Amino acid sequence: FNWPIAIAYVAVGVVLAVVGGTLIERAGLQRHIEPFVLANPIADVPQAELTRAERLAYAREQVVDVFGRVWAYVLVGVAIGALIHNWIPQQVIAALLGSDKLWAVPLATVVGIPMYADIFGTLPIAEALVARGVGLGTVLAFMMAVTALSVPSLILLRQVVRPPLLAVFVGIVTLGIVAIGYLFNAFAYLLV
């Protein structure tokens, strides 16, 4: 993609994050954060008094603690995402997501959710989809869903938030991604 598309993509992503975070905060959903997140003590030792060895030891303890809580969920999420990713042929996705299809953006969002990849992993797929005539907004919606709503991401997020907050997060992000997809499909000609 070109610079205007990349900049617009980042800008709408930031707007979605700010608007979504504001809505969640105003709804008072902070009470659905898992207690351990808020209960973890913050070292109340002035940084100047810690030696390098003490800082490294503290950092190691924190990494071991976090890794110990989430490693199994990461492995399960990666396994599920990898299995699903390899079962959905790219040709089928391209046939369903043609730029003339009104349902393409919501479908691309839903198809992206079970996949697991980072933004760099979605770029080759995105390039192939655009080359086959899939609308820019549809492709960007797919990319956003893969990175923001993937099953492994939601499994990890579930470790720190309770289901009501997770459901609101998924709803806000899904609606935002779909709106962004339609917006890009409507105005992509301005960015090319």
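The sections below set out a description of the structure shown in this document. Here the structure is a predicted model, which is why all the values come from computation and not from measurement.

Details of the packing of helix 8 (residues 151-158) against helix 9 (residues 163-187)
Next, step 1: Look at helix 8 against helix 9: their axes get within 10 Å of each other, and the N-to-C directions meet at 145 degrees. Crossing handedness for the pair helix 8 and helix 9: right-handed. Here Leu 154, Leu 157 and Arg 158 of helix 8 lie close against helix 9, whose contacting residues are Pro 163, Leu 166, Phe 169 and Val 170.
Next, step 2: Classifying every residue of the contact of helix 8 with helix 9 by side-chain character gives 6 nonpolar, no polar and 1 charged.

What about the layout of surface pockets?
Next, step 1: Its boundaries defined by the atoms lining it, the largest pocket holds a volume of some 270 Å³.
Next, step 2: Elements represented by at least two residues in the lining of the largest pocket include exactly helix 1 (3-26), helix 7 (136-148) and helix 9.
Next, step 3: Per element, the largest residue contribution to the lining of the largest pocket is 6 residues, and it comes from helix 1.
Next, step 4: Here the lining of the largest pocket is built from residues that sort into 12 nonpolar, 4 polar and no charged.

Focus on the nonpolar core
Next, step 1: Residues Leu 140, Phe 142, Met 143, Ile 177 and Phe 184 are the most contacted members of the largest nonpolar core, which totals 39 residues.
Next, step 2: Contributions of two or more residues to this core are made by helix 1, helix 5 (104-112), helix 6 (119-131), helix 7 and helix 9.
Next, step 3: Element by element, the count of residues in this core is highest for helix 7, at 9 residues.

Rules and cut-offs
- Residues numbered from 1 in each chain as written.
- Predicted model: local features only at pLDDT ≥ 70, side-chain atom pairs only at ≥ 80, totals over all residues.
- Heavy atoms only, no water.
- Axes fitted to C-alpha atoms, helices over the stretch in contact; angles between N-to-C directions.
- Helix = DSSP H or I, 4+ residues; strand = E, 2+ residues; numbered from the N terminus.
- Left-handed = near helix turned anticlockwise from the far one by under 90°.
- Contact = heavy atoms within 4.5 Å.
- Nonpolar A, V, L, I, M, F, W, Y, C, P; charged D, E, K, R; others polar.
- 1 Å grid on protein atoms, 1.4 Å probe; cavity = no way out; pocket = protein on both sides within 12 Å on 5 of 7 lines; lining within 4 Å.
- Points joined across faces, edges and corners; volume = space filled by probe spheres on them.
- Core = buried A, V, L, I, M, F, W, Y, C linked by side-chain atoms within 4.5 Å.
- Buried < 20%, exposed > 50% of the residue type's maximum accessible area, 1.4 Å probe, protein only.

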